[in-house]
2 protein chains.
Amino acid sequence: MKKHQITILDIARQLNISKSTVSRALTGHPKVSPETRKAVLELAVQMDYQPNMLSVSLVKNKSNTIGVIVPEFMSSFFPQVILGIQQVARMSGYTVLITQCSESYEQEVANARLLLASQVDGLLVSLTKETLNYDHLKIFQRKGIPVVFFNRVCEDMEVPKVIVDDYEGAYRATEHLITTGRKRVAHLAGPATLAISRKRLDGYRDALRRYGIAIDESLIISYDLTMEKVDIYVNHLLNLANRPDALFCINDPTAIQAIQVIKQRGLRIPEDIAVVGFSNDYYSAFIEPSLTTVAQPVQDVGSTAARLLINQIETDCDKPIIKQLKTELIVRRSTV
Amino acid sequence: MKKHQITILDIARQLNISKSTVSRALTGHPKVSPETRKAVLELAVQMDYQPNMLSVSLVKNKSNTIGVIVPEFMSSFFPQVILGIQQVARMSGYTVLITQCSESYEQEVANARLLLASQVDGLLVSLTKETLNYDHLKIFQRKGIPVVFFNRVCEDMEVPKVIVDDYEGAYRATEHLITTGRKRVAHLAGPATLAISRKRLDGYRDALRRYGIAIDESLIISYDLTMEKVDIYVNHLLNLANRPDALFCINDPTAIQAIQVIKQRGLRIPEDIAVVGFSNDYYSAFIEPSLTTVAQPVQDVGSTAARLLINQIETDCDKPIIKQLKTELIVRRSTV
DNA sequence: CTGTTAGCGCATTCAG
DNA sequence: CTGAATGCGCTAACAG
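Residues numbered from 1 in each chain as written. Chains lettered and ligands numbered in written order. Predicted model: local features only at pLDDT ≥ 70, side-chain atom pairs only at ≥ 80, totals over all residues. Heavy atoms only, no water.

> Is there a simple way to think about the packing of aromatic side chains in this case?
By convention here, two paired aromatic rings are described through the distance between centres and the angle between planes. A full pass over the atoms with the stated rule returns 14 aromatic pairs over all chains. When the centroid spacing of 5.7 Å and the interplanar angle of 80 degrees are considered together, the rings of A:Y282 and A:F286 count as edge-to-face. Classification of A:Y282 as partly exposed rests on a relative accessible area of 35%. With relative accessibility at 12%, the residue A:F286 sits in the buried group. Taken together, a centroid distance of 5.7 Å and an interplanar angle of 75 degrees make the contact between A:Y282 and B:Y283 edge-to-face. Here B:Y283 lies in the loop between β9 (274-279) and β10 (292-295) and A:Y282 lies in the loop between β9 (274-279) and β10 (292-295), a pairing that spans two chains. B:Y283 sits in the buried class, given a relative accessible area of 2%. Linked through ring pairs, A:Y282, A:Y283, A:F286, B:Y282, B:Y283 and B:F286 together constitute an aromatic cluster. (Phe/Tyr/Trp six-rings, centres within 6.5 Å; stacked < 30°, edge-to-face > 60°. Buried < 20%, exposed > 50% of the residue type's maximum accessible area, 1.4 Å probe, protein only. Helix = DSSP H or I, 4+ residues; strand = E, 2+ residues; numbered from the N terminus.)

Okay, here's the thing in C-alpha cells:
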C-alpha cells in the first residue's frame, strides 16, 4: 500500500473553492467568510487532513524544529534534560529532533550534518568526551542558526551556555569530606577535554588548599568515563601505601561502581573510605550505602537551554549569556 | 541574523552549469562527466552545501524519517530501547523523530498528529498507561504508513509487534519464589489497561496454580505505576494478618521502592520477605540487597522493532508478525 | 552527457 | 472577501 495524504487541493475540490481560500481558512486568516471557514474546518477534520509540515517549513523557511545533540543515553541524565527541553519546546510550538552520539566525535559530526539538512531552527548541544574540533557546530553559526550549549559546553564558541556551578559543587563536596575528618581525599576525575572535568577538579583542588591540605597528585586520576576502567583505578588507589580515606568521583555512575569495588575489597564505607558522587542520579539514594552526591537541577538545565534558544530564534538577539545553575550537596550514608 | 542556506542554484551559478547537472552530480547519478562531478563535489564541500531535506522529502514523498512514541523517559528502559532503534535506523539511512508522552493519552495523540504532519515513513509506538482508544494510530494505517508496536502493544490493531515473553518471565519469577520455599507470594501488578500487566499477572497466577498454591486475591494489587502509591500498597500488604513472604513487582523501579518500604519497617530481605522485579534496570544490581529480576533484551526490542518497520516500509509486505523475545531470570540477593 | 520543464504542498503576493 | 499566479529547493521526465 502506498503512502497517501490528503492535501489542501482535495478539500478545495470537494468544496469547489480555490486552494488559497482553503489555506487561509486553515491558517486562521482574518479575511475569510465565516461560512467558508466553518465548511473548510469541518471537512478538514472529517477527512483527517494534516498539513504537510515539509511544505510549510519549506515555503516559510522555518521548520519550527529544534535539534538536540547529546553525547550519550545510558545514564538518566540526558533523557531527563531532554524532558525539560521538550516541555518548553512544546509550549512554544517547536518539535524536538533528538540525536545521540554514543560518545563518538564522528557520530556528533554526522548528527550535526543531519540536523543541518533537516533545517532545524536552532541547535542544543552537549559535547562528546572526544570532541576537540568544533567546525561542524560553527557551520550553524555561520548559517545564522542559533546554537546553545548545555552541560558539556564548548569554550571556543561565543554562544549562550547553560551549566551548573561545577566548581562550587566540587568545592562543597570536597569540603564536606574534609570537615568530616578526611585527610587523604582522592579524586576520580573525568577526561580533561571536558570543561566540567576541569572545573570539578579545580573545585576539589581549591577546597584542599583552603583547608591547608597538600595536594597529592598521585590521588588524582583522570579517566575516560568507561566503566570498566573504574575497577582498575579504584583498585590502584586502594593499593597505595598511603591509602586515601575518601574518594570524590566525577559522577554518580562512577561513584557507584567505585563503591562496588571497595565493598569487594572488604573495606567499609564510610568508615574506611568515604565516597561522594556528582549528579544525584535517580537510584543514588537506593544503593548501599546510599550515596552522598552533588545534585544538579537536571530538568532546569534542559528547560533554560531551550528557553534561551527559542528566545534567540525568535528575537535574533544573541548575547552569549552563560546561565550557571546552582547545585546542592545531598549528604547520605556513604560519607557519614 | 537571518537563516541563510546554500542551494544547488548557488553552486550551479558559480560553475555556470545547470541546476540539474549539479543535482545529478550530488546524487551520484551515473550520466555525468567526471570533471563536472569533481568540480561540483569540491565546490559543495567548500561552500558547506547541505541538501535541504525538506525539499528532497517533499518531492520524493519520502522523508526517510521514522517516528517514535514512547510513554515515558524517566526510567532507563525507553532510552535504551531508543538506542537500539537508532542503531538500525541509522544503518538504513533513516532519521528518528522521538516523542515522549509522560504517560498522558492526550500527549500521545498530540505526538501522533505531529509525526503525521512531519511525514514520517513509519511509526514505532509503545502506549501510555492511559491509552484505550487507538484512532490516532489507526490514521497511520489508513494513510498507508506502517506501524510497529513494541513493549506496550495494542491488541486491537493488526500490525507487527515486538514484545518479550512477559508471561514466561513472570511464571519463572514466581516459580523461583515458590521453589525457594515461599508460600504466600504477593503481586504488585500494573494497570490492567496494559497487556504486559495482564500477561505478567497470568504468569504469576499459573505458576501458583501449577505448584498447587491457592490464589489469594488479597495479595494481588494493581496500581497505576506512580511511585508514591507503592508505599501505600506495600504497607498495606505488610499489615495483613497473614503477611506475604514474597513480593513479585511489575517492574524494577516498583521493586526498589518496595524494598525501601520493607527496610523501613525493619523487616529483613529475603529472610522475612523476598522481592523480585522485572526488567533488570541498570542499577538493580547495585541496590541493597541486590535485586532478583527478569531481564529483558532491551536494545534488541528496539532494534528488532526498527528492523520490522523498515522492512515494511521498503517492501510493502505487512504480515502482522509478533516477535516475542526471551527473558532471563537473574537471581540476586533479594531472594536467596 | 546536459539543459529545460514541470511539479511536490503550501503560503503569499497581486488582482479582482 | 476570493481566485490566479509565483516560488520555497529539489528531483524527474523529457528533450536535445
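Past the structure itself, the notes keep going.
> Would you mind going over the UniProt feature "domain: HTH lacI-type" (unreviewed entry) in chain A with me for this structure?
Under the feature "domain: HTH lacI-type" (unreviewed entry), the UniProt entry names residues 6-60 of chain A. For residues 6-60 of chain A, the end-to-end C-alpha separation is 20 Å, with 67% helix and 0% strand making up the annotated structure. (UniProt positions renumbered as here; feature names shortened; annotations may be inferred.)

> What am I meant to see in the packing of helix α10 (residues 227-239) of chain B against helix α11 (residues 252-264) of chain B here?
Two numbers describe a pair of packed helices, the interaxial angle and the distance between the axes. All names here are of chain B. In contact at an axis separation of 9 Å, α10 and α11 are set at 55 degrees when each is read in the N-to-C sense. Here α11 runs oblique to α10, going by the angle between their axes. α10 and α11 meet at a crossing whose hand is right-handed. The segment α10 lies against α11, with M227, V230, D231, V234, N235 and L238 engaging P253, T254, Q257, A258, V261 and I262. (Axes fitted to C-alpha atoms, helices over the stretch in contact; angles between N-to-C directions. Parallel < 35°, antiparallel > 145°, perpendicular 65-115°, else oblique. Left-handed = near helix turned anticlockwise from the far one by under 90°. Contact = heavy atoms within 4.5 Å.)

> I tried to follow the interface of chain A and chain B on my own but got confused; where do I start?
Think of interface size as the accessible area that goes away when the parts come together; that is how it is often given. On the side of chain B, 58 residues touch chain A, which itself brings 58 residues to the contact. Buried area between chain A and chain B, both sides added, is near 5,500 Å², and the carbon and sulfur share of it is 54%. Along the contact surface separating chain A from chain B lie 2 salt bridges. Between A:R142 and B:D48 there is a salt bridge; the shortest N-O distance is 2.5 Å. Linking chain A with chain B are 14 residue pairs in polar contact (both at pLDDT 80 or more), by the criterion used here. Of all the secondary structure elements, the ones that give two or more residues to the side of chain A that touches chain B are α4 (53-60), α5 (77-91), β2 (95-100), α6 (105-117), α7 (135-142) and α11 (252-264) of chain A. When the residues that make up the side of chain A that touches chain B are grouped by side-chain class, the tally is 26 nonpolar, 20 polar and 12 charged. (Buried area = accessible area lost by both parts, 1.4 Å probe. Salt bridge = Lys/Arg side-chain N within 4 Å of Asp/Glu carboxyl O. Polar contact = N/O pair within 3.5 Å; in protein donor to acceptor, adjacent residues only side chain to side chain. Nonpolar A, V, L, I, M, F, W, Y, C, P; charged D, E, K, R; others polar.)

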